[in-house]
Amino acid sequence: MNTSLPPAWPHCADGAGPADPVGCRGIQVNGRTACLAHLPNTERDAYLTALTPGASIDHRGTTFSRPLLRTLLIALRDPATGTVCSGKALFSYAVFESHADFSSVTFEDDAQFRSVTFKGGARFDAATFKGAALFESATFADITRFESATFKGAARFGSATFTDTTRFEFATFEYGAGFESATFKGAARFDSATFASFTWFESATFERVAEFESATFKGGARFGSTTFAGATRFRSTTFEGDAWFVSAIFKDGAGFGAAAFKNHAWFQETTFEKTVGFGWATFENDAWFEQTTFESYVAFGSATFAGTTRFDSATFKGSVGFGSATFEGDARFPSAVFETADRFGPLMCAGQVVLSGAVFGGPVTLSFTARRLVCRRTRWSATAEIRLRYATVDFAHAVFEYPLTIAAEPDPFVLTDGSELAETAFAGAPGPDVRVASLRGVDAAHLVLADVDLSVCLFTGTVHLDQLRLEGACTFDTAPSSVRWRRWPPVRFTERRVLAEEHHWRANQPGAVRGWNVAVLGAGRAGPLQLAPVYRALRKAFEDGKHEPGAADFYYGEMEMRRHAADIPRAERALLTAYWALSGYGLRASRALAWLGAAMFLTIVLLMAFGLAQDTPKQTATGTVPAGGGKVTFEIDKDDPRNPAGDRFTGERFEKALNITLNSVVFRSSGQDLTTAGTYIEMTSRLTEPVLLGLAVLAVRNRVKR
């Protein structure tokens, strides 16, 4: 109220003069010309004597001494029950010079204390407000007590100032409670208070301790833009409606341990300047911590998040504690910044953990039991280890400048107290295998994969894939097994490691056989031209790891992609096709041996039919003896082998043909007498069969070499 202007009611005006033309602003007592404080004693006594319990009173602007207030309350006391009972009570702009004791008073109607000044202590403990309790802009200069007070109507404390300790322990607010822009300069204690309807603390300021331990907010609780300068405690607090802490500032430690958020929890753009703890807290619906700043240690140990949890663009400047936390929905940390966090987890997430766009500034170990981990464009500025169970990892376009390891954890994570992390959400899962879904856009020069499943992993677009390190049992998808019928002839794919992109490409080819997986998410249009260098890089990675049999599979895949690529000349494709058909690119010993056997069988048949002579040609020696004696010169001639006639397929001829063929395999001449056709058959055999034998030996070597 502007003190230079008269109030809106007929006022006492006692003490008015040139210095204060308004004088006393207390409302005139009904039928009198002065306020209660300035009435003559006889008139005051008459007024008080006329009051009955439950009577309405109007003492706006009146100045009360402690004895005067006591006298007024005695006049309103019910002699039968001893309870002070007032009807409508109007005290707006009143001044209480000393201690004001309204303990156990019952206000049957509205109680208005707007802009009241309590210069001493104010006690409303166990008071009952059956109508609205209006304390907007009131000033409480000393200790204020509303312990066990009951507010059945609206309670309004907007813009009120509490200079000293304020106590609302066990108070009950059955209707809305408003503390907007209120200032608590001393400790504010709301422990075990019950707020049955909506509660407003928006833009309030708590300069010292703020305690809401075991309080219950049955309606929405709004603490938006509130400033907590001292320690804040919401331990074991229950929020049955929405909990709204948007843009709030916590300058000292804040504790939400064992708090229960039964509806949405909003902490967007909130700032925690010191340690904050949410240990054992329960979030039964969605929780938003978007753009929240944690400048010190934050603890969510053993917290439970039943809905989606969002930490989008949050900043963690200190360590983070999510040990034993449980996320029953998704846990989203896109674009979050972890400046110095050295450990994240172990935690369990029944949905997906999203770290896309997040930044880790220091060495860190991540331990998750999760359905899926998404790390698209995540950045690590130091060494990192990601240990997982059950998860499928999307690592597309992740950036890391130092060694980073993704490893499968075979056993449940062990917590600091020696117990195992609960994995109730995965009770029916077949196994804790970890699958990598994509490495596209990743520079794999510093990447280590250990004991992970790469059967669905997308590799096209990965940089420095040849420097990828694979440790332990890293598995890939395989080609369809057994014989597959695709019109004619039947098709058989030999078992080998196959990339997911090749599965997708082959499954989309015209006339594709069953068994190739077409449902490869995100495979796009990757074809032989793109896959050949991927297979080549993985082959080198396996070779560098001294895993020759594994490298052989990727060499086979590389050659297959080269053979099917559209940019190679026909002659080269024909050569590769022959190489594939004869020996599986020098990797299929059975195929080369089969061809060798077929070639030997054909050679034997041809030799028996056309190559072996009918009989062994006879040699004839002729010479002339000089008449006078001397040296005799002989000319030895041998009959030409005759083409066979009659029965050509005899045991004797088979034995000879087999001998010739076996010698041809090892590139030796048998010395047998052959027909002209047989000579050419042997030459052809000596050219082809050693090559086939060499391919078979090469294939065996590639499989057993280490």
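Because the structure is predicted, anything quoted here is derived from the model rather than measured.

Engineer: Which parts of the structure should I look at to understand the pairing of strand E59 (residues 447-450)?
Structural biologist: Moving residue by residue along a regular strand, the side chains alternate between the two faces of the sheet. Residues Leu447 and Leu449 of E59 are buried on one face, and the alternating residues Val448 and Ala450, pointing to the opposite face, are buried as well. Here four bridges tie strand E57 (residues 404-408) to E59, and the two strands are oriented parallel to one another. Each bridged residue has a counterpart across the sheet, and for alanine 407 the counterpart in E59 is alanine 450. As paired elements, E59 and strand E60 (residues 469-471) share three bridges and run parallel to each other. Looking at the pairing, valine 448 lines up with arginine 469 of E60.

Engineer: Even after reading the chapter, I still don't get the packing of aromatic side chains, so can you show me in this structure?
Structural biologist: Any pair of aromatic rings gets described here by the distance separating the centres and the angle formed by the planes. Throughout the structure, instances matching the rule amount to 126 aromatic pairs. Ring geometry for phenylalanine 107 and phenylalanine 113: centres 6.1 Å apart, planes at 90°, overall edge-to-face. A relative accessible area of 1% places phenylalanine 107 in the buried class. Phenylalanine 113 sits in the buried class, given a relative accessible area of 0%. An angle of 5° between the planes, with centres 4.7 Å apart, marks the rings of phenylalanine 140 and phenylalanine 162 as stacked. Of this pair, phenylalanine 140 sits in strand E13 (residues 139-140) while phenylalanine 162 sits in strand E17 (residues 161-162), and the two are 22 residues apart along the sequence. Comparing phenylalanine 140 with phenylalanine 162, the two get one shared label, buried. Its guanidinium or amino end placed over the ring of tryptophan 244, arginine 222 lies 4.5 Å from that ring's centre, counting from NZ or CZ.

Engineer: Help me understand the environment of phenylalanine 305 in this model?
Structural biologist: With respect to the helices and strands, phenylalanine 305 occurs in strand E43 (residues 304-305). Placed 22 residues apart in sequence, phenylalanine 305 and phenylalanine 283 show a C-alpha to C-alpha distance of 4.7 Å. Once residues within four sequence positions are removed from consideration, phenylalanine 305 is found in contact with Phe283, Ala287, Phe300, Thr326, Phe327, Glu328 and Gly329.

Engineer: Help me understand the sheet that holds strand E42 (residues 298-299), please; the structure alone is not making it clear to me.
Structural biologist: Pairing between the strands of a sheet comes from backbone hydrogen bonds, and it takes one of two forms, parallel or antiparallel. Taken in spatial order, the 11 strands make up an open sheet running E6-E10-E14-E18-E22-E26-E30-E34-E38-E42-E46, and their pairing is parallel. Each edge of the open sheet carries a strand with a single partner, namely strand E6 (100-101) and strand E46 (320-321). The pairing of strand E34 (residues 254-255) with strand E38 (residues 276-277) spans two bridges and is parallel. Across the sheet, glycine 255 pairs through a bridge with glycine 277, a residue of E38.

Engineer: Would you mind going over the pattern of salt bridges with me for this structure?
Structural biologist: By the definition in use, this model includes 30 salt bridges. One salt bridge connects arginine 235 with glutamate 213, and the closest N-O pair in it is separated by 2.8 Å. You can see arginine 235 sitting in the loop between strand E30 (232-233) and strand E31 (238-239) and its partner glutamate 213 sitting in the loop between strand E26 (210-211) and strand E27 (216-217), a full 22 residues away along the chain. Residue classification places arginine 235 among the partly exposed residues on the basis of a relative accessible area of 36%. Linked by salt bridges that have partners in common, Arg145, Glu147, Arg167 and Glu169 make up one network.

Engineer: I'm lost on the nonpolar core in this one. Help?
Structural biologist: Nonpolar side chains tend toward joint burial in soluble globular proteins. Core analysis: the biggest nonpolar cluster contains 159 residues, and Phe102, Phe256, Leu355, Trp380 and Phe395 have the highest contact counts within it. Per-element accounting of this core gives the leading share, seven residues, to helix H4 (residues 528-544). Leave out the neighbours within four places in its chain, and leucine 355 touches Phe333, Phe338, Phe344, Phe360, Leu366, Phe368, Leu373, Val374, Cys375 and Thr378.

Engineer: Where do I start with unusual backbone geometry in this structure?
Structural biologist: Cis geometry is adopted by the peptide bond preceding proline 346, which originates at glycine 345 and carries an omega value of 5°. Residue position: proline 346 is located in strand E50 (residues 343-354). Notably, serine 236 is not glycine yet its phi reads approximately 60°, a positive angle. Mapping serine 236 onto the fold places it in the loop between E30 and E31. A relative accessible area of 36% means that serine 236 is categorised as partly exposed. Of note, glutamine 291 is a non-glycine position whose phi angle comes to about 60°, a positive value. Given a relative accessible area of 47%, glutamine 291 falls into the partly exposed group.

Engineer: Would you mind showing me how to read the packing of helix H3 (residues 500-507) against helix H5 (residues 548-564) here?
Structural biologist: When two helices pack together, their arrangement is given by the angle between the helix axes and the distance between those axes. Put simply, H3 and H5 touch, their axes get as near as 12 Å, and they point 35° apart. The crossing of H3 and H5 is left-handed. Across the interface between the two elements, Glu502, Trp505 and Arg506 of H3 pack against Glu560, Met561 and His564 of H5. Its residues placed into classes, the contact of H3 with H5 shows two nonpolar, one polar and three charged.

Engineer: Honestly, the side chain of threonine 238 in this entry has me stumped. Any pointers?
Structural biologist: Relative to the elements of secondary structure, threonine 238 occurs in strand E31. Its relative accessible area of 18% is what places threonine 238 among the buried residues. Ignoring sequence-local partners within four residues, the contact set of threonine 238 consists of Ala215, Thr216, Phe217, Ala260 and Lys262.

Cut-offs and rules
Residues numbered from 1 in each chain as written. Predicted model: local features only at pLDDT ≥ 70, side-chain atom pairs only at ≥ 80, totals over all residues. Heavy atoms only, no water. Buried < 20%, exposed > 50% of the residue type's maximum accessible area, 1.4 Å probe, protein only. Helix = DSSP H or I, 4+ residues; strand = E, 2+ residues; numbered from the N terminus. Pairing = 2+ DSSP bridges. Phe/Tyr/Trp six-rings, centres within 6.5 Å; stacked < 30°, edge-to-face > 60°. Lys NZ or Arg CZ within 6 Å of the ring centre and 35° of its normal. Contact = heavy atoms within 4.5 Å. Salt bridge = Lys/Arg side-chain N within 4 Å of Asp/Glu carboxyl O. Core = buried A, V, L, I, M, F, W, Y, C linked by side-chain atoms within 4.5 Å. Axes fitted to C-alpha atoms, helices over the stretch in contact; angles between N-to-C directions. Left-handed = near helix turned anticlockwise from the far one by under 90°. Nonpolar A, V, L, I, M, F, W, Y, C, P; charged D, E, K, R; others polar.

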